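# Examining the three-dimensional arrangement
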Amino acid sequence: MTPPATLDPDLQRALSDPGFTPGRRHFAALMGLLETSGEPAELAERALRRAGAAALPAALERAAGAAPALRAPLTRLVGKLMASGPIDPEVSERARDYLLACLGDEDRRTRRMAAVALGKPYAADAGRSLVEQALAEAARSERSPDVRRALIEALGKVGGGAALDALAELDGDDIAGVRARAELLARRTLTRGEPSEIAGDRAPERPLRVAVRCRRGLEAILAEELAALDAGSPGGALVPELRSDPCGGTRVEVVLSGRLDVLFGARTMLSFALPLPLRKLDEGADLAAAVAERLLSREAREILRRFTQGAIRYRIDWAGGGKRRAAVFRAAAAVEAEAPELVNDPTQSTWDVVVYEGAGRARVELAPRLPDPRFAYRRGDVPAASHPTIAAALARIAGARGDDVVWDPFVGSGLELCERALLGPYRRLVGSDRDPRALQIARENLDAAGARGAELLQRDALGAPPPGEAPTLILTNPPLGRRVERTGDLDAMLDRFVEGAAHALAPGGRMVWISPFPERTEAIARRSGLRPEALLRVDMGGFDAQIQSFHKEALRPQAGNDRRDGRRGDRLDHPPAGRGGRGPQQAELRGEQHRPHRQEQRHHHRDDDPEPPRAVRRHVGDQAEAVGRAEGRRGRRG
C-alpha cells in the first residue's frame, strides 16, 4: 500500500534517510502510516522509535480512540517507546495502564501486542505485582492460541509467585513447551534477590587445571608471564603448557593451587576458565544433553560451590557463535530438574559456561565473572586506541630499564606508556599526538596509572622527536586497519616513520611497535640501521599485524676518543644491514619454541637488568608453527 496522498513530500523523502529523527509536528502523519502495510509502515515505526520517549504521549493519545487496524500497531509502538527511556514516571504509568487495558481489547492482535510489551522488563518495573496479576488473569481466560502463548511467555519474563501459580493451572499439549520455558524463567526471576559473587581470594580444594587465553600470537609472552606469577606462593610456581587442538583451540594451560585471582597478574591474558573433562559425542548425540551432563558432574559442582558466594547463576555461551536458544533451554531444564540450586540466568550470571565442540568431542569450561583490576587506570578512550593486552605485550617485549627515555609518537589514549610505567622504572616518559583530545585522555589515563612525570606534546609523529635526550625506547602502536580510514599513502607514511624513528633513537636503543606491512617495514628498518630482535604476527581483532622489536647498534669507540653521545643534534651514520637473509644468530632463533625458565632465571625488572624476558627476545617466526609443534607437549621449567 502506498502512503496517503496528503503526506508531506519532504517527510516522505526524509523517511528513506536512516538518520532522520522526526519532531512533534511529524508524529500525527507518521502514526497514520502505521495503518498501511509494507515498507511505509516499517519506515514510519523506525522513525518514531528514533524520536524515543518524546513520541510516547502522542502515541497514547492517538491509540485511545483508534480503530483496531491502527490500535494494534500503535500498541506495539507504545511497547517499543517504553524501552527508549528515560521516561517521565507519570507518562510511564499511563503507558502501563493503557497496555493493561489492552489485554481485554476486542481485537486479538492488540491483545497479543500488549502481552508482548508487558513481558519486557521496563513495563514490569513500572508496577511488577500489578502487571503479574493482570497477565495471570488474562492467561486464564484467553482462548486465542497465539495470544495465550504470548501471555505465557510474558508471565515467565515477569516472574513471581502469582505467575508460577497461574502457569501451573494452564494445561494443553499445544502450550506444554512454552509453559515449561516460562516456569523456568519465572523461578529464575524469584532467585534474583539473592546475592551472588565469585570468591577470587579462595584457593581450590585440590590443584585445578586452568585454560588461559590471549590474542593469537601472544601465547609465548602469556606463558612467560604465567611462569613468573606464583613465585613464593604456597602452591609453588605455575608451569605453563602451550596447547592447541580442534576442541578448545589454542590456549596456555596451568595447574593452579593458589588463589584464583592471582591469574590477573598476567597482563596479556584475555580470559581464563576451568575446563571440565572432555565428553565424547557419538554421531547424532544431543549437545545440550552433553552440556547438562558436564554441569551436573562432580567436578563442576565442586568448582561452582567452592568459588561462589551466594546463589550459583550461570549462562551458556557457544564458542562457535550463535545463541542456540532451544539447546540452552534443554540444557538448563535438565540441570534444574536434578540440581535446582544451579540457576540459568544470562542477565545476572556469575559464571559463563563456555561450550567448545570439535573432533567428535564437547569441551565445557567454567569461566568465573571476576572484576578485572588490571586496567582500572583507563579513564577514557579514543577510536584508534590499543587493546590494553596488546599494549601490555608491547611493554613486556620492550622490557624495563631504569635509564629508559621512552617515547610514544602515536600516543592516543596512552595505554602503551601506562603499561610501560607499570612494568618498571624509567628516566623519562614522553607521548605525542596530533589530536589534543587524545592528549587530554592520555593525561587522565597516565595520572590514574601513577605514571610520574609523564610528558605529553602535540606534534606529528613524522616530525622531530621530543627535545632533550634521545629516546632509548620508542614504544608505539600506530592507528591501523578498521580503526582509521585506510588511504593509499599509509604504507609510505609508515616507511617515513620507521626511517625517522631509526634516526631519533639513541645508540643501543630499541623500537617496539606494530606494523600492518611487516615485510616492508622490516626492510626499511634494516636499511635504516635497525636489527630485528622479535617478529610476532598477532591478531588485532579482525586483521593480523606484526609486533616488531628492533635494536640500534651502540656507538663504537672512534680514534682519538671522538665518541658521540647520542644527544639531540648528533648524526649517527650506520652501515646498512645485510640485504640478504639474517645473521647466524637470527637464523638460530627463527621458530624457536617458548619454554618457561627456572625460577631463578625469571625476569625481575630490576634497574640493572637491561634485557626483556628471554622468550620474547627471540625471533619466533611464525607463531602458529610453534603452537603446532607444542601440541600435546607438556611445558617444562628449563
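Provided above is the structure to which this section pertains.
In this report, we go over the structure that sits alongside the text. (Residues numbered from 1 in each chain as written. Predicted model: local features only at pLDDT ≥ 70, side-chain atom pairs only at ≥ 80, totals over all residues. Heavy atoms only, no water.)

## Structural notes on the overall build of the protein chain
- Counting its secondary structure elements, the protein chain contains 24 helices and 18 strands.
- Taken across its 638 residues, the protein chain has 53% of its residues classed as buried.
- Surface summary for the protein chain: the accessible area is close to 28,800 Å², and the carbon and sulfur share equals 48%. (Helix = DSSP H or I, 4+ residues; strand = E, 2+ residues; numbered from the N terminus. Buried < 20%, exposed > 50% of the residue type's maximum accessible area, 1.4 Å probe, protein only. Areas by Shrake-Rupley, 256 points an atom, 1.4 Å probe, with all protein chains shown as cover.)

## What about a positive patch on the surface?
- A cluster of like positive charges, contributed by Lys80, Lys120, Lys157, Arg181, Lys323 and Arg325, occupies part of the molecular surface.
- Along the chain, Arg181 falls in helix α12 (residues 176-190).
- With a relative accessible area of 36%, Arg181 lands in the partly exposed category. (Patch = residues over 30% accessible without salt bridge, like charges linked within 9 Å, V, L, I, M, F, W, Y side chains within 5 Å. Salt bridge = Lys/Arg side-chain N within 4 Å of Asp/Glu carboxyl O. Lys, Arg positive; Asp, Glu negative; His and termini not counted. Charge placed at Lys NZ, Arg CZ, Asp CG, Glu CD.)

## Quick look at helix α15 (residues 298-307)
- Taken together, the buried positions of α15 are occupied by Ala300, Arg301, Ile303, Leu304 and Phe307. One face of α15 carries all of its buried residues, which in axial projection span an arc of 165°. (Arc of directions from axis to C-beta.)

## Let's talk about the pairing of strand β17 (residues 530-539)
- Where burial is concerned, most of β17 is hidden: eight out of the 10 residues are buried.
- When β17 meets strand β18 (residues 544-552), the two strands line up antiparallel, connected through nine bridges. Paired with Leu535 across the bridge in β18 is Gln548.
- What sits between β17 and β18 in their antiparallel hairpin is a turn of four residues, with Gly541 showing a positive phi close to 95°. (Pairing = 2+ DSSP bridges.)

## Topic: the sheet that holds strand β16 (residues 510-515)
- Taken in spatial order, the seven strands line up as β14-β13-β12-β15-β16-β18-β17 in an open sheet, and their pairing is mixed. Lying at the two open borders of the sheet, with one neighbouring strand each, are β14 (455-458) and β17. The average undirected angle you get between the axes of adjacent strands in this sheet is 20°.
- Relative to β14, strand β13 (residues 428-433) runs parallel, the two sharing four bridges. Along β14, the bridge assignment pairs Asp433 with Gln458.
- Sheet contacts for helix α20 (residues 490-504): β12 (405-408), β15 (473-476), β16, β17 and β18; angle to β16, the most-contacted strand, approximately 170°. (Axes fitted to C-alpha atoms, helices over the stretch in contact; angles between N-to-C directions. Contact = heavy atoms within 4.5 Å.)

## Remarks on the pairing of β16
- For β16, a buried count of six out of six residues is recorded, marking the element as mostly surrounded by other parts of the structure.
- Burial of β16 is two-sided: the residues Arg510, Val512 and Ile514 facing one way and the residues Met511, Trp513 and Ser515 facing the other way are all buried.
- When β15 meets β16, the two strands line up parallel, connected through four bridges. Counterpart to Thr476 in the pairing with β16 is Trp513.
- Judged from the six bridges that link them, β16 and β18 form a sheet pairing that is antiparallel. Looking across to β18, one finds that Val512 is bridged to Ser549.

## Overview of the layout of surface pockets
- Estimates place the volume of the largest pocket at around 900 Å³.
- Every residue lining the largest pocket is counted, 30 residues in all, and those nearest its centre are Arg181, Leu185, Arg188, Pro346 and Thr347.
- Contributing elements (two or more residues each) for the lining of the largest pocket: α8 (121-125), α10 (145-158), α12, β8 (312-318) and α16 (325-338).
- By residue number, the principal contributor to the lining of the largest pocket is α12, which donates seven residues. (1 Å grid on protein atoms, 1.4 Å probe; cavity = no way out; pocket = protein on both sides within 12 Å on 5 of 7 lines; lining within 4 Å. Points joined across faces, edges and corners; volume = space filled by probe spheres on them.)

## Description of the pattern of salt bridges
- Tallied over the full model, the rule gives 48 salt bridges.
- A salt bridge links Glu241 to Arg209; the shortest N-O distance between them is 3.5 Å. Of this pair, Glu241 sits in strand β3 (residues 241-245) while Arg209 is found in strand β2 (residues 208-213), placing the two residues 32 residues apart along the sequence.
- Residue classification places Glu241 among the buried positions, given a relative accessible area of 2%.

## Considerations on the side chain of Arg313
- Following the sequence through the fold, Arg313 ends up in strand β8.
- Only 2.7 Å separates the side chain of Arg313 from the backbone oxygen of Glu194, close enough to count as a polar contact.
- In this view, Arg313 contacts Thr191, Arg192, Gly193, Glu194, Pro195, Ser196, Val343, Asp345, Gln348, Ser349, Thr350 and Trp351; residues no more than four positions away in its chain are not counted. (Polar contact = N/O pair within 3.5 Å; in protein donor to acceptor, adjacent residues only side chain to side chain.)

## Some words on the packing of helix α3 (residues 39-51) against helix α5 (residues 68-82)
- Where α3 meets α5, the axes come as close as 9 Å, and the angle between the chain directions of the two elements is 30°. When the axes of α3 and α5 are compared, the crossing they make is right-handed. Contact with α3, carried on its side by Glu45, Leu48 and Arg49, involves Arg76, Leu77, Lys80 and Leu81 of α5 and no other residues of that element.
- Of the residues belonging to the contact of α3 with α5, the class tally is three nonpolar, no polar and four charged. (Left-handed = near helix turned anticlockwise from the far one by under 90°. Nonpolar A, V, L, I, M, F, W, Y, C, P; charged D, E, K, R; others polar.)

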